[in-house]
Amino acid sequence: MNGIQNIERQTMNAQETAAYLGVSKDLVYSMVKARELPFVKIGRRILFRKEALERWMQTQEMKGQTAAANMANMEGPNLSAVFKQ
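Residues numbered from 1 in each chain as written. Predicted model: local features only at pLDDT ≥ 70, side-chain atom pairs only at ≥ 80, totals over all residues. Heavy atoms only, no water.

Asks: Which residues make up the sheet that holds strand β2 (residues 40-42), and what are the values?
Replies: Taken in spatial order, the 3 strands of this open sheet run β1-β3-β2, and their pairing is antiparallel. Pairing within the sheet leaves two strands with one partner each, and these edge strands are β1 (11-12) and β2. Note that β2 and strand β3 (residues 45-49) share 3 bridges and pair antiparallel. Across the sheet, residue Val40 finds its bridge partner in β3, namely Leu47. (Pairing = 2+ DSSP bridges. Helix = DSSP H or I, 4+ residues; strand = E, 2+ residues; numbered from the N terminus.)

Here's what the structure looks like:
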């Protein structure tokens, strides 16, 4: 043995991240450029930690649920007013 152990990677590249999120690699790069996705830059490499992406997805999910609830609250009374006419 040369002293190197089998170390599990803690990061994913853009292609792996795109596959993990179910989106295109181009979208991943666009989101990085807009600073919408958590990433780590090491030299010229852009890497993503799975744990950070999972936290980000949970946050996005909560935002989506809040937005859906707000839309339902806003549309509910308006729709009933339309149907009363």
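Asks: Now, about the pairing of β3: what can you tell me, with residues and values included?
Replies: Of the pairings in the sheet, the one linking β1 to β3 comprises 2 bridges and is antiparallel in character. Residue pairing across strands places Met12 opposite Phe48, the latter belonging to β3. Between β2 and β3, which pair antiparallel and follow one another directly, the connecting turn spans 2 residues, one of which, Gly43, has a positive phi of 65 degrees.

Asks: Any chance you could break down helix α1 (residues 14-21) for me, citing the residues and the numbers?
Replies: Among the residues of α1, those classed as buried are Ala14, Thr17 and Ala18. Relative to the axis of α1, the buried residues are bounded by an arc of 100 degrees and lie together on one face. Sitting at the head of α1, Asn13 places a side-chain oxygen 3.1 Å from the backbone nitrogen of Gln15. Note on α1: the residue one or two positions beyond its end, Gly22, has a positive phi of about 80 degrees. (Buried < 20%, exposed > 50% of the residue type's maximum accessible area, 1.4 Å probe, protein only. Arc of directions from axis to C-beta. Polar contact = N/O pair within 3.5 Å; in protein donor to acceptor, adjacent residues only side chain to side chain.)

Asks: Report on the nonpolar core, specifying residues and quantitative values.
Replies: Nonpolar side chains tend toward joint burial in soluble globular proteins. Of all hydrophobic cores here, the largest spans 10 residues; its members are Met12, Ala14, Ala18, Val28, Met31, Val32, Leu37, Phe48, Leu53 and Trp56. Of all the elements in the fold, those that place two or more residues in this core are α1, α2 (25-33) and α3 (50-84). No other element matches the 3 residues that α2 contributes to this core. Setting aside chain neighbours within four positions, we find Ala18 in contact with Val23, Ser24, Lys25 and Val28. (Core = buried A, V, L, I, M, F, W, Y, C linked by side-chain atoms within 4.5 Å. Contact = heavy atoms within 4.5 Å.)

The quantities given are spatial measurements derived from coordinates; they are silent on function.
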